[in-house]
Amino acid sequence: MKFQLFSAENCAPCKSVYNYLINNFPSLKFELVYYHIRPDLFNQHMIKGTPTLVVDDEVKCMGYDNILEYFNTLTFFDVTEEE
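Bear in mind the structure is a predicted one, so any value in this text is a computation, not a measurement. (Residues numbered from 1 in each chain as written. Predicted model: local features only at pLDDT ≥ 70, side-chain atom pairs only at ≥ 80, totals over all residues. Heavy atoms only, no water.)

## A word on the pattern of salt bridges
And then number 1: This structure, assessed with the given rule, holds two salt bridges.
And then number 2: For Arg-38, the salt bridge identified is with Asp-40, shortest N-O distance 2.7 Å.
And then number 3: Taking the relative accessible area as the measure of exposure, Arg-38 reaches 35% and is therefore partly exposed.
And then number 4: Judged by relative accessible area, Asp-40 falls into the partly exposed class, the value being 39%.
And then number 5: Glu-58 is the salt-bridge partner of Lys-60, the closest N and O atoms lying 3.6 Å from each other.
And then number 6: Note on Lys-60: relative accessible area 37%, which makes it partly exposed.
And then number 7: With a relative accessible area of 45%, Glu-58 lands in the partly exposed category. (Salt bridge = Lys/Arg side-chain N within 4 Å of Asp/Glu carboxyl O. Buried < 20%, exposed > 50% of the residue type's maximum accessible area, 1.4 Å probe, protein only.)

## Here's the deal with unusual backbone geometry
And then number 1: Omega for the bond connecting Thr-50 with Pro-51 falls within 30 degrees of zero, at -5 degrees, which places this linkage in the cis form.
And then number 2: Relative to the helices and strands, Pro-51 resides in the loop between helix H2 (39-44) and strand S3 (52-55).
And then number 3: Positioned with a positive phi, Asp-56 is a non-glycine residue whose angle comes to about 50 degrees.
And then number 4: The residue Asp-56 is located in the loop between S3 and strand S4 (58-62) in this model.
And then number 5: For Asp-57, which is not glycine, the phi dihedral falls at a positive 65 degrees.
And then number 6: What makes Asp-57 partly exposed here is its relative accessible area of 48%. (Helix = DSSP H or I, 4+ residues; strand = E, 2+ residues; numbered from the N terminus.)

Functional significance is not addressed by these values, which are geometric in nature.
Following this line, the structure appears as structure tokens:
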């Protein structure tokens, strides 16, 4: 699965959620996508706020609490790689 966290340069909730994710889910890879670097991806996914989580090119949730809830309800089977 491809996890992208859409962020803004000075977004405190974005930094907090990213740190939480990399510390609590070390086996998963998270890509940070910054608006000032990739506004095209923000437009492609119609993202208007941060933090926003995109999984396999599908917007899953927005906001610190919603992102943590999403990851805390995943199971091992939800994040395994498909062959």
